[in-house]
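# Residue-level structural notes
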Amino acid sequence: RAPDVGMVQEERKDGLGRKICNVPVTRTAEIGASREKLPIVAEEQKIMEAIHNNPCVIVWGTTGSGKTTQVPQFLFEAGYGSHDSSTPGIIGITQPRRVAAVSMAKRVGEELGQYSGKVSYQIRFESTTSKDTAIKFMTDGILLREISQDFALLNYSIIIIDEAHERSVNTDILIGMLSRIVDLRKKMSSEDSEVRPLKLVIMSATLRVSDFLKNSHLFPAALPPLIQAEGRQFPVTTHFARRTERDYLEEAFRKVSRGHRKLPPGGMLVFLTGQNEIKSLLKRLHDTFRSSNRSAVDSMRVQLSASEGPLEVDDLELGTAEDADIEEEDSEDEDSEDEDSEVDFVGHDGEDEDIAFDIGEPVTASLTVHILPLYSQLPTKEQLRVFEIPPDGSRLIVLATNVAETSLTIPGIRYVFDCGRSKERVYDQSTGVQKFEVNWISKASAEQRAGRAGRTGPGHCYRLYSSAVYERDFVEHTGPEILRTPIESLVLQMKTMGLDNVVNFPFPTAPERSSILRAEKLLKNLGALTPTGRVTQLGHRLSIYPLSPRFGKMLAIGAQHDCLPYVIALVSGLAEGDIFVPENQLELNPKERGEDEVYTNDDRLEDSAREQRQKNYNRARAIFSKNDPTSDALKLLSAVCAYAYAQDGDAFCRQMFLRSKALKEVSQLRKQLSDIVRANHPQSIGPYLSRLPTPSPKQLKALNQIVAAGFIDQVAIRADLAPNPPISPRKPQRAIDVPYLALSPSSTNTTSGTTSSDPAIYMHPSSILSPLSPKSLPQYLIYSHLQQSAPSLITSSSSSEKQQAGPKIRMFPLTAVSGAQL
Ligand code: ADP
Ligand code: MG
């Protein structure tokens with residue numbers, strides 16, 4: 001029989017001297033053979049010993065060494081997960097992505113033969129757990145939620161945090177919490193013989209986890225041992241591109257097609273950034289080559305034609321960039337790529353394609369392609385097809401997102417094509433708005449991606465970027481997500497879990513102390529925390545949204561004022577940011593403005609055409625401003641709602657000077673937020689309607705008040721109407737030159753919140769108020785954010801007035817408020 005049972009047969013004791021029971025598993029010969037090849041299986045004894053003797057252990061080994069599939073089985077066989085052992089409680093293992101949680105649970109179930117029913121997974125809205133569950137795979141968000149319900153995690157005997165090298169916020173927070181929970185369980189078990197200690201295993205594909213060891217707060221008692229399970233890795237030859245094409249999708253198509261024609265048999269893995277790219281490349285490759293995988297392509301075609309449909313709700317607590325797969329165009333990156341290309345030509349290292357692809361016997365003409373997509377939103381059944389053996393005489397080509405970087409190992413890959421980008425969450429500190437952006441990956445990620453080609457034998461990695469770009473623009477590691485994420489949401493989340501002293505929390509990488517304090521102040525202002533820093537009932541409600549708590553607050557109040565669908569539309573628009581084409585870009589063609597429509601006449605517009613366009617622009621602005629001529633927030637709402645009525649969204653956007661890509665994203669966010677509200681407060685919202693009736697005057701008034709409530713700490717007062725008005729040398733002629741003063745948040749209930757030393761702030765020209773006469777401007781304005789910009793850009797159209805030296809601070813107003821409201 002397979003040798004894998006024997007290994008843990010002899011009687012052993014755990015760290016507390018209790019006998020460990022073994023659960024012998026009978027595996028098929030096939031599974032036994034494939035397990036034997038995994039480097040981690042040779043380390044079973046060492047790993048189990050370390051786990052028995054330490055409360056926390058770190059295991060690292062390259063992707064594919066068997067960590068995710070084997071370590072839970074070692075534990076299971078050693079008696080963890082069985083109720084009658086010395087370590088009652090189940091084995092929990094977290095994954096940053098749903099795909100991995102589901103597919104790994106299935107694989108481990110298969111490997112465990114007669115115990116397959118004991119392996120379950122749980123992701124948001126989907127769970128296979130039962131009373132038999134012994135091994136539970138879950139997303140990290142699910143475990144966080146469980147901790148908020150039972151801080152001691154009494155159901156579990158051991159928790160494995162997988163893919164810790166990714167340093168996602170959830171992983172980092174979980175490790176910080178678990179280091180405390182392990183202590184707590186130890187203390188509990190010394191007082192109550194029914195309670196067993198909890199073990200913690202941290203697993204990582206890179207040595208980056210040594211960061212955790214440097215943090216003395218994290219493991220104050222004893223540093224966890226670091227155990228290596230080195231994977232067998234064949235050499236991978238890396239080929240850089242000669243130049244970095246901006247349109248990497250086109251480049252991927254070209255190189256993959258060429259590679260398929262020229263390269264010896266072997267699977268291909270192509271890294272792209274999101275599902276829409278994958279779908280479009282899949283279609284093109286299929287149209288070019290005969291695919292043996294007709295059904296996948298056909299079903300993809302159906303999905304393609306329906307791809308305008310709304311996004312599914314995803315793990316909100318997860319919210320990985322890929323999950324929020326927003327429709328993207330190829331020309332996403334607006335940075336100065338063209339200059340890069342020049343530099344690249346000088347580089348020597350980029351090879352000729354003919355050389356790069358000339359690595360052995362070329363393919364016989366009869367090799368067909370077997371193309372499979374792989375991304376988070378794909379149904380599980382489709383995802384698991386990458387593990388099947390491709391049909392005879394075909395070449396497997398997997399088009400994947402980041403999920404194939406470390407979470408999943410696809411058998412038989414010899415060639416990797418790496419676009420060098422990934423979609424990631426970015427956070428704008430000034431607006432509190434999160435967005436998903438396509439950016440360069442890190443050098444570490446590029447190495448991981450290349451490594452995927454060397455699992456079965458020597459491989460090749462084709463990078464769709466030059467070594468000059470790699471050296472110059474790629475960072476070593478992507479910084480921990482916690483430094484790029486809105487801290488107020490995190491602080492609120494931790495406090496809702498009862499972790500009141502955020503400053504003392506053992507973060508693997510701590511956010512700035514000042515930003516924690518700033519976040520707490522904002523949460524108090526919003527009413528999410530009491531003055532002493534405890535979570536209020538409102539705070540609990542706000543914590544369910546994957547948005548800044550400002551927006552959560554607006555949603556919470558919206559429910560009380562019978563205008564929730566409008567608030568959802570408004571919040572979606574605000575979170576997206578710029579949906580309007582700025583007036584100073586009117587003379588540019590849509591292409592130049594970064595729009596996606598293609599116009600035929602590339603050059604400057606004739607004067608008459610420009611005049612016409614200005615007229616159209618004014619008309620569009622007037623239409624959106626009809627509801628309330630002083631509220632930028634309601635103008636935004638009108639545009640979002642009008643877009644939903646358009647037959648042809650793109651045409652509507654062109655006509656109304658809206659950015660169509662942004663509005664597509666807004667629509668998707670509206671649907672997602674509605675689903676979240678419905679899941680949590682079904683009584684407060686009806687079925688989702690994208691087309692809303694015009695709001696009543698009463699609702700409009702409520703909406704302005706709701707906006708003010710979300711941004712109550714961002715109030716500006718017209719300087720000449722302030723209690724101690726600064727002396728102004730001359731009367732401003734235009735609204736955008738009228739100085740305002742920001743009221744400091746702590747004193748919004750008095751009118752003396754400014755001092756004469758505060759710098760004046762000015763309205764941004766994009767505001768609905770900018771055409772008004774200075775005298776008619778409101779005394780108080782609520783603004784969404786401040787921006788410092790060069791004065792020449794803003795006042796370029798009028799040179800009559802020389803600006804003062806230095807850039808002006810511009811505010812983006814949302815709505816006017818009365819002094820009484822403050
Ligand atoms: P690690 O977590 O160290 O990256 P894994 O445990 O995920 O490694 O994978 C170990 C091996 O198991 C890999 O060689 C992979 O190809 C194989 N494997 C994983 N899932 C499946 C599956 N569903 N079908 C077939 N093989 C699989
Ligand atoms: Mg793994």
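Residues numbered from 1 in each chain as written. Chains lettered and ligands numbered in written order. Predicted model: local features only at pLDDT ≥ 70, side-chain atom pairs only at ≥ 80, totals over all residues.

### What to know about the overall build of the chain
When helices and strands are tallied, the chain shows 27 helices and 23 strands. For the chain, long-range pairs separated by at least 24 residues make up 77% of all intrachain contacts whose partners lie at least 6 apart in sequence. (Helix = DSSP H or I, 4+ residues; strand = E, 2+ residues; numbered from the N terminus. Contact = placed C-beta atoms within 7 Å.)

### Observations concerning the site of ligand 1
Surveying the vicinity of ligand 1 reveals 15 residues, the closest of which are K67, T68, T69, R107 and F387. Elements supplying a minimum of two residues to the shell around ligand 1: helix 4 (67–77) and helix 5 (98–111). In terms of residue class, the shell around ligand 1 is made up of three nonpolar, 10 polar and two charged. (Near = placed C-beta within 6 Å. Nonpolar A, V, L, I, M, F, W, Y, C, P; charged D, E, K, R; others polar.)

### Concerning the packing of helix 6 (residues 140–149) against helix 7 (residues 169–191)
Following both chains from N to C, one finds helix 6 and helix 7 inclined at 40°, their axes separated by 10 Å at the closest point. For the pair helix 6 and helix 7, the sense of crossing is left-handed. On the side of helix 6, the interface is formed by D140, G141, L143, L144 and I147, while helix 7 contributes N170, T171, I173, L174 and M177. Here the contact of helix 6 with helix 7 is built from residues that sort into six nonpolar, three polar and one charged. (Axes fitted to C-alpha atoms, helices over the stretch in contact; angles between N-to-C directions. Left-handed = near helix turned anticlockwise from the far one by under 90°.)

### Some thoughts on the nonpolar core
By size, the foremost hydrophobic cluster in this structure holds 205 residues, and its most contacted members are V270, V398, L399, V567, V571 and A716. Among the elements that make up this core, the one with the highest residue count is helix 21 (residues 564–576) (nine residues). (Core = buried A, V, L, I, M, F, W, Y, C linked by C-beta atoms within 7 Å. Buried ≥ 20, exposed ≤ 12 C-beta atoms within 10 Å, placed from the backbone.)

### Points about the sheet that holds strand 18 (residues 459–463)
Read from one edge to the other, the open sheet built from six strands follows the order 11-18-15-12-14-13, with strand pairing classed as parallel. Two strands bound the open sheet, and with one partner strand each, they are strand 11 (236–239) and strand 13 (368–374). Strand-to-strand twist across the sheet, computed as the mean angle between neighbouring axes with direction ignored, equals 20°. With five bridges joining them, strand 12 (residues 267–271) and strand 15 (residues 413–418) adopt parallel strand pairing. Paired with F271 across the two strands is D418, which belongs to strand 15. Packed onto the sheet, helix 10 (residues 275–288) meets strand 13 and strand 14 (394–400) and runs at close to 170° relative to strand 13. Running at roughly 150° to strand 15, helix 15 (residues 443–451) makes contact with strand 11, strand 12, strand 15 and strand 18 of the sheet. (Pairing = 2+ DSSP bridges.)

### A short note on helix 23 (residues 632–645)
End to end, helix 23 covers 21 Å across 14 residues, agreeing with the expected 20 Å (1.5 Å per residue, within 8%). Summarising burial for helix 23: 11 of the 14 residues are buried, a large majority. Residues D632, A633, L634, K635, L636, L637, S638, A639, V640, C641 and Y643 constitute the buried set of helix 23. (Expected span 1.5 Å × (residues − 1).)

### Things to note about the sheet that holds strand 6 (residues 126–127)
Judged by pairing direction, the sheet is mixed, and its eight strands sit side by side in the order 6-5-7-4-8-9-3-10 without closing on themselves. The sheet is open, and its two edges are formed by strand 6 and strand 10 (226–228), each paired on a single side. With five bridges joining them, strand 4 (residues 90–95) and strand 8 (residues 156–161) adopt parallel strand pairing. When the bridges of strand 8 are listed, I90 appears paired with Y156. Relative to the sheet, helix 5 contacts strand 4, strand 5 (119–123) and strand 7 (135–139), its axis offset from that of strand 5 by approximately 170°. Packing against the sheet, helix 7 makes contact with strand 3 (56–60), strand 4, strand 8 and strand 9 (199–204), and its axis sits at approximately 150° to strand 8.

### Describing the environment of P506
Position of P506 among the secondary structure elements: in the loop between helix 17 (487–496) and helix 18 (513–526). Since 16 C-beta atoms lie within 10 Å of it, P506 is described here as partly exposed. Not counting the four nearest positions on each side in its chain, P506 is found in contact with G176, S179, N215, H217 and L218.

### Brief notes about unusual backbone geometry
Positive phi is not limited to glycine here, since L153 has a value of about 50°. For L153, the position within the fold is in the loop between helix 6 and strand 8.

### Side note on the confidence of the model for the chain
In this model, the chain carries a mean pLDDT of 80, and residues with pLDDT of at least 70 account for 79%. Across the chain, the element-wise mean pLDDT spans from 32 in helix 27 (residues 791–794) up to 97 in strand 12. Low pLDDT, under 50, characterises residues 588–604; the predicted model gives this stretch 19 contacts beyond four residues in sequence or across chains. The model gives residues 790–805 a pLDDT under 50, and that stretch makes eight contacts with residues more than four places away or in other chains. If you check the scores for this complex, the pTM reads 0.69 and the ipTM reads 0.98. (pLDDT = per-residue confidence, 0-100.)

### Description of the pairing of strand 4
Buried residues dominate strand 4, accounting for six of its six residues. Both faces of strand 4 are covered, namely the face carrying I90, G92 and T94 and the face carrying I91, I93 and Q95. As judged from the five bridges shared by strand 4 and strand 7, these two strands associate in the parallel manner. Paired with Q95 across the two strands is T139, which belongs to strand 7.

### Comments concerning helix 20 (residues 549–560)
In a regular helix each residue adds 1.5 Å, so 12 residues correspond to 16 Å; helix 20 covers 17 Å between its end C-alpha atoms and thus fits that length. Most of helix 20 sits inside the fold, with 10 of its 12 residues counted as buried. Looking at helix 20, one finds that the buried residues are P549, R550, F551, G552, K553, M554, L555, A556, I557 and G558. Its buried side turned inward, helix 20 meets helix 17, helix 18, helix 19 (537–542), helix 21, helix 25 (660–680) and helix 26 (697–710). Just downstream of helix 20, D562 is the residue with a positive phi angle, here 60°.

### What about the pairing of strand 7?
Within strand 7, five of the five residues are buried, leaving the element largely enclosed by the surrounding structure. Of the two faces of strand 7, the one carrying I135, F137 and T139 and the one carrying K136 and M138 are both buried. Across four bridges, strand 5 lies against strand 7 in parallel orientation. Across the sheet, the residue bridging to S120 is K136, located in strand 7.

### Some remarks on the environment of P813
Among the secondary structure elements, P813 is positioned in strand 23 (residues 808–817). For P813, a count of 26 C-beta atoms within 10 Å puts it in the buried group. Considering only alpha carbons, one finds P813 and Y780, 33 residues apart in sequence, at a separation of 10.0 Å. If we ignore the near neighbours within four places in the chain, the residues touching P813 are D632, M763, S767, L769, L781 and Y783.

### Observations regarding the packing of helix 21 against helix 25
Following both chains from N to C, one finds helix 21 and helix 25 inclined at 135°, their axes separated by 8 Å at the closest point. Here helix 21 lies oblique to helix 25, going by the angle between them. Note on packing geometry: the crossing formed by helix 21 with helix 25 is right-handed. Judged by residue contacts, L564, I568, A569, V571, S572, G573, A575 and E576 of helix 21 engage A662, E665, V666, L669, R670, L673, S674 and V677 from helix 25. Considering only residue class, the contact of helix 21 with helix 25 consists of 10 nonpolar, three polar and three charged. (Parallel < 35°, antiparallel > 145°, perpendicular 65-115°, else oblique.)

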